[in-house]
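The lines below spell out each chain.
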Amino acid sequence: MPPGPDPATRAWASAAVRRFASATNLLVAARRFRIVGGDPRDTAALHELLTGLGARPAADHEPVDQLWCLGTPDDSTAVVEREADRPRGATLVVVDAGRHVPAVDEDAFGPVTNVRPGVLGVPTLSDDVFLVSTGREPEADPAADARLRWARRAMPVSRAVAAELRDGGLLRGTRIGVSMVLEPKTAVLSLLLRDAGAEVVVYAHADETDDAVAEALRRAGVPVHASSTATVAEQKDLALAMLDTRPHILLDDGSHVIRLAHQERPDLLPTMLGAAEETTSGLRPLRVMASRGELGIPVVAVNDARTKTFFDNRYGTGQSTVFAVLDLVDGLPSGSDRVRPGGAAVVTGFGHVGEGVALVLHALGFRVTVAETDPVRALQALFAGYEVAPLVDAVRDADLVMSATGVADTIDLAALRACADGAVVAVAGGVEQEVAVDAALADGAVRTAVGRKAERFAWADGHHVVVLDDGGCINITAAEGNPVEIMDLSFAAQLGAVRMLLEHGDELDRAVVPIDPAVDEATARVALAAFGSRPAPPGLPAEHPADRAPDVRTRRFGDPS
């Protein structure tokens, strides 16, 4: 087997891809790419990383979604102009990933415009061609309206489903409360619902609120009950104010507002059609409530939709959380942590989120060990090529430890004390105290800020670890959330759940109910087309013609007739 990239080249490739993702909030997986020019070693390292993350090298006859330019402007200009000749609406992102000097001459294509921070448009070349430089820091301007426009153009599936709801008139007179991370994609969902005929009101937790996006929604006429500076008491007041608008449907993330309605506004429940919940951790308490007969409305389990959990949990959370962690680590002072290219990483939990985190870490060159208490999932991790070990044993030599369970005290005090000195600890998604911060402080650990959203927890015996964002949801609080295309799928499923509740809410049990499989199938077909692929036509396989029932009799022992 040929040797992999040297550490410096691996680190450059990692930084380039993360800069692209940070500037665009776009997905790497499933996208077609081509690399132009550059040192063969750099090209090989970038190709290995992109394919490891699930991107597809484009064949000669195929259009590309991402054009990675590594050589000189002379290498790239003609290729960019050729690739810019494409059907209207087919986006091309040109990435200047020159390692030492720029690989793209931005002036070669005429005047450029700022599309969103870090992204330039080239209107004289095409309305669908955009330039990103991985060597330039994005502008600090929050540019909320620009980020909303950018997100909207990359959400064709949600747009298509919302258009069906609009054309059918189903949403007229329906009030929908949206309680999700308030960033550009959620704002687009809220506007799509509003434009389809619904009355929309929005709430978000303080640490999940982008104030610039909240203000953009208010300017668009959508009531928003959210502030990034709200205290816990103020957040409760804001959430109750949203509930006091008496929504017919709630779209929730974590089921906090669904549960608050049961606790504080039980009189609202009989007037509601139901709710939809899009997280694993949010469905757990709702299922307990349902088992006790305490759930007062039907809740559609959007998280269990295949087009949500197979993609959002795995590819979306995997990319966004790992990239956010490494971006924060890059900003730490030298010597404050032990994370290095090609180092050792531990992933706790091997559900869909853990699978995605492990996949991205492995693609970036980390040696991954999985700690999983479910023996079947642990076996699955082993078959996927990862080491498997108990958590306390696994963390002893790890440079990076990431929890992917959504369960409190996953990385408990014993695990924190067992970590190698200088190990970085973070959470992919998650719940409060998934990292046992309170237990560490009670055990005598002293916390000291060492960087943006990073604190050193040090004990009297000299042992120390670096915990990112107090063990919080790192891709939300330190980045822009999951990639746009991923949330497009998840929000299309949310819109499908809205249709279910509108059409059948009165018939559904007061329980956690599965999403209609037809929602998954319709969402996937639109998404396949958006990604440039053609799905097989719906229906039974060819050996089972639709005009007659399948013959299930065995023919192993001769003709049964």
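Residues numbered from 1 in each chain as written. Predicted model: local features only at pLDDT ≥ 70, side-chain atom pairs only at ≥ 80, totals over all residues. Heavy atoms only, no water.

(A) Representation of the environment of T271 within the structure. With respect to the helices, strands and loops of the structure, T271 is situated in the loop between helix 9 (256-264) and strand 12 (274-277). Overall, the relative accessible area of 39% leaves T271 in the partly exposed class. Along the backbone, T271 and P247 are 24 residues apart, and their C-alpha atoms lie at a distance of 8.5 Å. Polar side-chain contacts of T271 include one of 2.6 Å to the backbone oxygen of L268. (Helix = DSSP H or I, 4+ residues; strand = E, 2+ residues; numbered from the N terminus. Buried < 20%, exposed > 50% of the residue type's maximum accessible area, 1.4 Å probe, protein only. Polar contact = N/O pair within 3.5 Å; in protein donor to acceptor, adjacent residues only side chain to side chain.)

(B) Fine view of the nonpolar core. Ranked by size, the top nonpolar core spans 120 residues in total, and within it W68, L193, L251 and L361 carry the most contacts. Among the elements that line this core, the one with the most residues is helix 18 (residues 484-504), at 12 residues. Excluding its chain neighbours within four sequence positions, the residues that come into contact with W68 are A16, V17, F20, F33, R34, I35, V36, L46, L50, V95, A97 and T134. (Core = buried A, V, L, I, M, F, W, Y, C linked by side-chain atoms within 4.5 Å. Contact = heavy atoms within 4.5 Å.)

(C) Representation of the packing of aromatic side chains in the model. In total, this model carries 4 aromatic pairs according to the counting rule given. For the pair F130 and W150, a centre-to-centre distance of 5.0 Å together with 90° between the ring planes defines the contact as edge-to-face. Of this pair, F130 sits in strand 7 (residues 126-133) while W150 sits in helix 4 (residues 144-153), and the two are 20 residues apart along the sequence. The burial state of F130 is the same as that of W150; both residues are buried. (Phe/Tyr/Trp six-rings, centres within 6.5 Å; stacked < 30°, edge-to-face > 60°.)

(D) Representation of the environment of A58 in the model. Inspection of the secondary structure puts A58 in the loop between strand 2 (56-57) and strand 3 (66-69). A58 sits in the buried class, given a relative accessible area of 14%. Distance in space between the C-alpha atoms of A58 and P285 is 45 Å, their sequence separation being 227 residues.

(E) Structural context of the packing of helix 8 (residues 232-243) against helix 9. Packing of helix 8 against helix 9 leaves a shortest axis separation of 11 Å and a crossing angle of 80°. By the criterion of interaxial angle, the relationship of helix 8 to helix 9 is roughly perpendicular. Side by side, helix 8 and helix 9 meet where K236, A239, L240, M242 and L243 of the first sit next to V257, L260, A261 and E264 of the second. (Axes fitted to C-alpha atoms, helices over the stretch in contact; angles between N-to-C directions. Parallel < 35°, antiparallel > 145°, perpendicular 65-115°, else oblique.)

(F) Quick peek at the sheet that holds strand 8 (residues 175-179). Read across the sheet, 7 strands follow the order 10-9-8-11-12-13-22 without closing on themselves; strand pairing throughout is parallel. The outermost strands of the open sheet, each flanked by one partner alone, are strand 10 (224-225) and strand 22 (512-514). Across 5 bridges, the pairing between strand 8 and strand 9 (residues 199-203) is parallel. Bridging from a neighbouring strand, S179 pairs with Y203 of strand 9. (Pairing = 2+ DSSP bridges.)

(G) Focus on the environment of V93. For V93, the location among the structural elements is in strand 4 (residues 92-96). A residue is classified by how much of its surface remains accessible, and V93, at 2% relative accessible area, is buried. Distance from V93 to W68, taken between C-alpha atoms, is 8.5 Å for residues 25 residues apart in sequence. If sequence neighbours within four positions are ignored, V93 has contacts with F20, L26, D65, Q66, L67, F130 and V132.

(H) Main features of the pattern of salt bridges. On inspection of all chains with the given rule, the structure shows 42 salt bridges. A salt bridge links K185 to E183, with the nearest nitrogen and oxygen atoms 2.9 Å apart. Residue class for E183 comes out buried when judged on its relative accessible area of 9%. When salt bridges with common partners are traced through the structure, they connect R31, R32, D65 and E485 into a single cluster. (Salt bridge = Lys/Arg side-chain N within 4 Å of Asp/Glu carboxyl O.)

(I) Fine view of the sheet that holds strand 4. Ordered by their spatial adjacency, 7 strands build an open sheet running 2-1-3-4-7-6-5, and the pairing between neighbours is mixed. Among the strands making up the open sheet, the edge pair consists of strand 2 and strand 5 (113-116). Relative to strand 6 (residues 119-122), strand 5 is paired through 3 bridges, and the arrangement is antiparallel. Residue pairing for strand 6: N114 is matched across the bridge by L120.

(J) Representation of the side chain of R32. On the secondary structure map, R32 appears in strand 1 (residues 32-36). Overall, R32 belongs to the buried group, its relative accessible area being 10%. There is a polar contact of 3.4 Å between the side chain of R32 and the backbone oxygen of P63. If we skip the residues at most four places from it in the chain, R32 touches R56, A58, E62, P63, V64, D65, Q66, F531 and G532.

(K) Just the pairing of strand 6, in detail. Judged by which residues are buried, strand 6 turns out to be covered on both faces: V119 and G121 on one side and L120 and V122 on the other are all buried. For strand 6 and strand 7, the ladder comprises 3 bridges, and the chain directions are antiparallel. When the sheet's bridge partners are listed, V122 is paired in strand 7 with S126.

(L) A look at the packing of helix 4 against helix 7 (residues 211-219). Direction vectors running N to C along helix 4 and helix 7 enclose 80°, while the axes themselves pass 9 Å from each other. When the axes of helix 4 and helix 7 are compared, the pair comes out roughly perpendicular. Each of A144, D145, R147 and L148 in helix 4 lies in contact with helix 7, whose residues at this interface are A212, V213, A216 and R219. Classifying every residue of the contact of helix 4 with helix 7 by side-chain character gives 5 nonpolar, no polar and 3 charged. (Nonpolar A, V, L, I, M, F, W, Y, C, P; charged D, E, K, R; others polar.)

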